[in-house]
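Residues per chain are reported as follows:
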Amino acid sequence: QICSNKWQKLRTGGPGSGKGTQCANIVKYFGFTHLSAGDLLRAEIKSGSENGTMIQNMIKEGKIVPSEVTVKLLQHAMQESGNNKFLIDGFPRNEENRAAFEKVTGIEPEFVLFFNCSEEEMEKRLLSRNEGRVDDNIETIRKRFKVFVESSIPVIEYYDAKSKVRKIDAGKSIDEVFEEVKKIFTPAN
Ligand code: UP5
Ligand code: MG
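Residues numbered from 1 in each chain as written. Chains lettered and ligands numbered in written order. Predicted model: local features only at pLDDT ≥ 70, side-chain atom pairs only at ≥ 80, totals over all residues.

Caption draft 1: Representation of the overall build of the protein chain in the model. Summing up its helical and strand segments, the protein chain has eight helices and five strands in all. For the protein chain, the succession of helices and strands along the chain, N to C, is β-α-β-α-α-α-β-α-β-α-α-β-α. Its C-alpha radius of gyration of 16 Å places the protein chain within 12% of the 16 Å reference for a compact globule of 189 residues. Dimensions along the principal axes, computed over C-alpha positions, put the protein chain at roughly 45 × 35 × 30 Å. (Helix = DSSP H or I, 4+ residues; strand = E, 2+ residues; numbered from the N terminus. Rg over C-alpha atoms; globule rule 2.2 N^0.38 Å.)

Caption draft 2: Layout of the environment of Val-65. Of note, Val-65 is situated in the loop between α3 (52–60) and α4 (67–81). Separated by 11 residues in the primary sequence, Val-65 and Met-54 have C-alpha atoms spaced 8.3 Å apart. Not counting chain neighbours up to four residues away, the residues in contact with Val-65 comprise Leu-41, Ile-55, Met-58 and Thr-70. (Contact = placed C-beta atoms within 7 Å.)

Caption draft 3: How the structure looks around the UniProt feature "binding site: CMP" (unreviewed entry) in the protein chain. As annotated by UniProt and renumbered to match this structure, "binding site: CMP" (unreviewed entry) occupies Asn-97. The topology assignment puts Asn-97 in helix α5 (residues 95–105). (UniProt positions renumbered as here; feature names shortened; annotations may be inferred.)

Caption draft 4: Just the packing of helix α2 (residues 37–46) against α4, in detail. Packing of α2 against α4 leaves a shortest axis separation of 10 Å and a crossing angle of 100°. Looking at the two axes, α2 sits roughly perpendicular to α4. Note on element contacts: α4 touches α2 through Thr-70, Leu-73, Leu-74 and Ala-77, opposite Ala-37, Leu-40, Leu-41 and Glu-44. Among the residues making up the contact of α2 with α4, the classes are represented as six nonpolar, one polar and one charged. (Axes fitted to C-alpha atoms, helices over the stretch in contact; angles between N-to-C directions. Parallel < 35°, antiparallel > 145°, perpendicular 65-115°, else oblique. Nonpolar A, V, L, I, M, F, W, Y, C, P; charged D, E, K, R; others polar.)

Caption draft 5: Expanded view of helix α1 (residues 19–30). Taking 1.5 Å as the rise per residue, α1 with 12 residues should run 16 Å; its terminal C-alpha atoms sit 16 Å apart, in good agreement. Looking only at α1, the buried set comprises Lys-19, Gln-22, Cys-23 and Ile-26. Each buried residue of α1 lies within a common arc of 105° when the element is viewed along its axis, so the set occupies one face. Where α1 terminates, the next one or two residues include Gly-31, which has phi positive at roughly 70°. (Expected span 1.5 Å × (residues − 1). Buried ≥ 20, exposed ≤ 12 C-beta atoms within 10 Å, placed from the backbone. Arc of directions from axis to C-beta.)

Caption draft 6: Region of the structure containing the site of ligand 1. Contacts to ligand 1 come from 31 residues, most closely from Pro-15, Gly-18, Gly-38, Gly-90 and Arg-125. Elements supplying a minimum of two residues to the shell around ligand 1: α1, α2, α3, α6 (119–127) and α8 (174–185). Residue classes in the shell around ligand 1 are distributed as 11 nonpolar, 13 polar and seven charged. (Near = placed C-beta within 6 Å.)

What follows is the structure, encoded as structure tokens:
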């Protein structure tokens with residue numbers, strides 16, 4: 001077995017809500033391995049894999065890459081890590097993702113962190129990020145928000161029905177958000 005269910009932590013939130021930023025903090029404090037599905041997909045494009053062009057086109061359109069591609073990348077990264085505590089960032093993004101991941105890995109998250117943030121604030125953050133991402137332009141950002149509401153929110157609702165969602169006000173400063181995050185990750189939880 002790759003890892004024990006007990007340690008699965010999963011986090012999600014809209015585009016620019018601060019998932020990557022807070023994951024870096026959580027890794028420092030709590031020793032998880034951070035697996036960003038988006039970062040793995042971008043690395044796959046860079047590696048020149050046969051799926052690269054398809055992935056690039058989907059990211060540019062803000063669309064969700066087929067589960068079989070993403071799940072395989074996540075599974076491989078989990079095996080490579082040698083860790084058994086994972087923070088999965090930005091995944092699952094739709095019901096298909098969720099069902100495929102649980103079927104293939106047999107893993108269900110211990111809980112799901114939901115970073116609640118207004119679209120206005122997320123848009124501001126994404127437009128000032130300046131990392132040269134192909135999806136950080138206003139047209140793609142609008143598409144990402146739409147896909148998030150239509151496809152990703154239902155996944156949050158699914159986990160909420162299982163009492164697994166921990167909602168955080170992600171509109172505050174990075175330090176303030178981390179104070180809230182820390183409470184959720186303290187061992188007593
Ligand atoms: N920042 C962060 N926190 C802040 C705060 N509290 N106050 C002020 N500024 C703050 O943060 C974004 C920016 O805001 C940064 O400049 C940061 O300094 C600042 P970041 O931590 O990067 O936010 P994050 O939520 O990680 O934003 P990201 O853009 O990465 O989210 P997305 O969910 O859009 O991106 P992701 O990489 O996960 O996915 C990209 C695309 O890949 C998807 O649209 C999709 O096409 C594809 N994809 C799939 O197909 N399947 C998957 O499973 C995953 C991705
Ligand atoms: Mg990110």
